[in-house]
Amino acid sequence: MRKTLGQRRYLTNFEPHRLPHLFTDVLVLGSGLGGLRAALEAADRCDVLVVTKDAIDQATTSYAQGGIAVATSPEDNPDSHAEDTLNVACGLGHEAVIRDVVHQAPQHIRQLREWGVEFDQHGDGLAIGREGGHSHARIVHAHGDATGRELMRVLVERARRHPRIRIFEGCFAIDLLSHDGQVVGIVTFHPKYGHQMFWATTVVLATGGLGRTYRETTNPPIATGDGLTMAFRAGATLRDLEMVQFHPTTLYVAGAARALITEAVRGEGAYLLNRAGERFMPQYDPQGELAPRDVVSRAISAEMKRERAPCVYLDVRHFPAGHFAERFPTIDRLCRDFDLDPQHDLIPVRPTAHYSIGGVRVDTQGQTDLPGLLACGEAACTGLHGANRLASNSLLEGLIYGQRAGQLAAERAEANGRRDRPHAISHLLPQSPRTELDLNDVAHSLQSVMSRNVAIERSADRLRETIEIIEFWGRYVMDKVFDEPSAWETQNMLTIALCIAMAAATRCESRGVHCRTDFPQTDPQWQCHIDLRRSDDGVQTSTAPIGEPGQA
Ligand SMILES: Cc1cc2nc3c(=O)[nH]c(=O)nc-3n(C[C@H](O)[C@H](O)[C@H](O)COP(=O)(O)OP(=O)(O)OC[C@H]3O[C@@H](n4cnc5c(N)ncnc54)[C@H](O)[C@@H]3O)c2cc1C
């Protein structure tokens, strides 16, 4: 499959003379926080088209609960926020990026408030919560645990009102178009309009994460890694893909979707208990329930293995009466849907795939190594998170890099002017004679194997097997041209899963969220990034030193 993958530049067939064409200055892929923030910034100076594969609010951002990290209290300061971020990043964080982002945070929060985001108040100031790995309470939130929904309410409203932003919902971006090494547009599919070609001076990739590559995840269905694989096929560098963060506490009710229970619940004082009813976290880490996510996830996993139990429990029964429901109304409602009363019952939880720390390598302005392509949000790897993301730092990253990508895209559009003719790019792959597999079966089996072999704990044997299995499926899936989004998503998930497994097999040490049972120690020799690129014989893996963020 690696060879098939390496040679596969486009997933779909297209010929410019047969398709409708649309022209704009800046094309934004994705309507989450990163994409909308980029669109709003660019639209002050040029025309912007936002393409999003589902309804506009079907983005991971809408599900964010805990909030946004920002040093606001008198006892706190951005340097302390930077130190916490650096500590959690386990040697892979870019110090300059981290210091820059946390110092920018207060002004971005001020701007969101001016735009109408209703952050929760405490007296005259902002209410702030505490989360794992933070040495101070510094998480601003909205409507208790509905921060993402509130952010989206304001950003969507603003984008819809903006005269220079057009939004195409239900429009699936299949691939980036490139000409002479430069990204010049995209080819899309819309159920009503079929295939279309969009052309722009700059494309901003803000397509979010890849959680759906795993059977158990907090991510919504849109998170199939499409943007990462589009960039990979176009020749961009993907960085640190082995770093998949597992959230320690998602509600575990057999058969139900894995809904997140925000870390802020532990920040408010919840305990983690094993099946025997013992509080186990203090045995694993002096910070107890507020240890960083990787530590808590591994501790839960160890307890589950030791007790042969499918889950552990969150205990909030000691909270003052009514406090949980008031502070976490969404989670309280969710528990009650399953007839669990947090005031009296233990909440069953277990870790699931949550956040992609790796992504398309970008520099401090969001520029990838492909001219014409910028990236922001979860799809980008900026160096902020290193080997482990500090809670509530990703919305912050999406805001700041979204704004920067939008600004750079607008500058380029102003400098270059709009192109109003297409490039003569076409792609026709002959029909494959090989057997067609049932793509639903492949997608489900892939998710299972990833959850089993490339999750919290990894080993060389299991990673090798996983790569073999994916390559086998890939031989029958990556050689064909399909004509519907779920098939392209399966092709994307196979591609990104192979990249994750290869990166995880390459990193022979344990660091941050990447835990190798056969290499349990952190090894200074591996204090480097792992980069992946498409090459004619498949996937090329290399290492890069920590230091300057990815340069174009
Ligand atoms: C349950 C949950 C809770 C979280 N809570 C927090 C929190 O409290 N604080 C925090 O900092 N972080 C949190 N995170 C992480 C954070 O929400 C995400 O990292 C962030 O919202 C990602 O934003 P984004 O704009 O990069 O991507 P998204 O918000 O996921 O947006 C991606 C967009 O791209 C579109 N798209 C994808 N593929 C295609 C395609 N092929 N064609 C067209 N469009 C496409 C999608 O439809 C979507 O509009 C949480 C994550 C989850 C899952």
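For the structure given in this document, a descriptive report is provided here. (Residues numbered from 1 in each chain as written. Predicted model: local features only at pLDDT ≥ 70, side-chain atom pairs only at ≥ 80, totals over all residues. Heavy atoms only, no water.)

**With respect to the nonpolar core**
At step 1: Formed by 82 residues in total, the largest nonpolar core has its most connected members in Leu-29, Val-51, Leu-176, Leu-177, Ile-186, Phe-198 and Leu-241.
At step 2: When residues in this core are grouped by element, the largest group, 13 residues, is from helix H15 (residues 485-506).
At step 3: Excluding residues that lie within four positions of it along the chain, Leu-29 makes contacts with Val-51, Ala-173, Leu-176, Ile-186, Val-203, Val-204, Leu-205, Ala-206, Thr-207 and Met-230.
At step 4: Listed in part, the 53 residues of the second largest apolar core include Ala-64, Ile-98, Ile-400 and Ala-410. (Core = buried A, V, L, I, M, F, W, Y, C linked by side-chain atoms within 4.5 Å. Buried < 20%, exposed > 50% of the residue type's maximum accessible area, 1.4 Å probe, protein only. Helix = DSSP H or I, 4+ residues; strand = E, 2+ residues; numbered from the N terminus. Contact = heavy atoms within 4.5 Å.)

**Regarding the layout of surface pockets**
At step 1: What the second largest pocket holds in volume is close to 620 Å³.
At step 2: Around the second largest pocket sit 23 residues that line it, and Ser-301, Arg-350, Ser-451, Arg-452 and Ala-455 are the ones nearest its centre.
At step 3: Looking at which element gives the most residues to the lining of the second largest pocket, the answer is strand S18 (residues 347-356), with four residues.
At step 4: Residue composition of the lining of the second largest pocket, grouped by class: eight nonpolar, six polar and nine charged. (1 Å grid on protein atoms, 1.4 Å probe; cavity = no way out; pocket = protein on both sides within 12 Å on 5 of 7 lines; lining within 4 Å. Points joined across faces, edges and corners; volume = space filled by probe spheres on them. Nonpolar A, V, L, I, M, F, W, Y, C, P; charged D, E, K, R; others polar.)

**Notes on the pairing of strand S17 (residues 312-315)**
At step 1: Here three bridges tie strand S16 (residues 271-273) to S17, and the two strands are oriented antiparallel to one another. Each residue of the ladder has a partner; that of Tyr-271, found in S17, is Asp-315.
At step 2: Inspection of the sheet shows S17 paired to S18 by three bridges, in the antiparallel sense. Residue pairing for S18: Tyr-313 is matched across the bridge by Pro-348. (Pairing = 2+ DSSP bridges.)

**Things to note about the environment of Glu-263**
At step 1: When you line up the elements, Glu-263 lands in the loop between strand S15 (244-251) and helix H7 (264-267).
At step 2: A relative accessible area of 1% means that Glu-263 is categorised as buried.
At step 3: Separated by 30 residues in the primary sequence, Glu-263 and Arg-233 place their C-alpha atoms 36 Å from one another.
At step 4: Not counting the four nearest positions on each side in its chain, Glu-263 is found in contact with Arg-130, Glu-131, Gly-132, His-247, Arg-293 and Ala-391.

**Considerations on the pairing of S15**
At step 1: Of all eight residues that make up S15, eight are buried, and the element is covered over most of its length.
At step 2: As defined by bridge partners, S15 adjoins S18 across six bridges and the pair is classed as antiparallel. Among the inter-strand pairings, His-247 is bridged to a residue of S18, identified as Thr-352.

**Topic: the site of the ligand**
At step 1: Around the ligand lies a shell of 38 residues, among which Thr-61, Gly-66, Gly-67, Glu-378 and Ser-394 are the nearest.
At step 2: In the model, a nitrogen atom of the ligand is placed 2.9 Å from a nitrogen or oxygen of the Ala-173 main chain.
At step 3: In the model, a nitrogen atom of the ligand is placed 2.7 Å from a nitrogen or oxygen of the Ser-394 side chain.
At step 4: Surface burial for the ligand is 98%, taken as the share of its 1,000 Å² of free accessible area covered by protein chains.
At step 5: Its residues assigned to classes, the shell around the ligand shows 14 nonpolar, 20 polar and four charged. (Near = heavy atom within 4 Å. Polar contact = N/O pair within 3.5 Å; in protein donor to acceptor, adjacent residues only side chain to side chain. Areas by Shrake-Rupley, 256 points an atom, 1.4 Å probe, with all protein chains shown as cover.)

**Points about the state of the cysteines**
Here, the word disulfide means a covalent bond between the sulfur atoms of two cysteines.
At step 1: In total, this model carries zero disulfides according to the counting rule given.
At step 2: Summary of cysteine pairing: Cys-508 is not part of a disulfide, and the nearest cysteine sulfur, belonging to Cys-528, is at 11 Å. (Disulfide = S-S within 2.5 Å.)

**Thoughts on the sheet that holds strand S21 (residues 380-381)**
At step 1: A sheet is described by the order of its strands in space; here five strands give the open sequence S21-S19-S14-S24-S25, paired in mixed fashion. The sheet is open, and its two edges are formed by S21 and strand S25 (538-545), each paired on a single side.
At step 2: Note that strand S19 (residues 359-361) and S21 share two bridges and pair parallel. Counted as the bridge partner of Val-360 is Ala-380 from S21.
At step 3: Here H15 sits on the sheet and contacts strand S14 (238-239), strand S24 (528-535) and S25; the angle it forms with S24, its principal contact strand, is near 140°. (Axes fitted to C-alpha atoms, helices over the stretch in contact; angles between N-to-C directions.)

**Side note on the packing of helix H4 (residues 95-115) against helix H12 (residues 394-416)**
At step 1: Viewed as axis vectors pointing N to C, H4 and H12 meet at an angle of 85°, and their least axial separation amounts to 9 Å. Here H12 runs roughly perpendicular to H4, going by the angle between their axes. Contacts from Val-97, Asp-100, Val-101, Gln-104, Ala-105, His-108 and Leu-112 in H4 reach Leu-396, Leu-399, Ile-400, Tyr-401, Gln-403 and Arg-404 in H12.
At step 2: Of the residues that constitute the contact of H4 with H12, the class distribution is eight nonpolar, three polar and two charged. (Parallel < 35°, antiparallel > 145°, perpendicular 65-115°, else oblique.)

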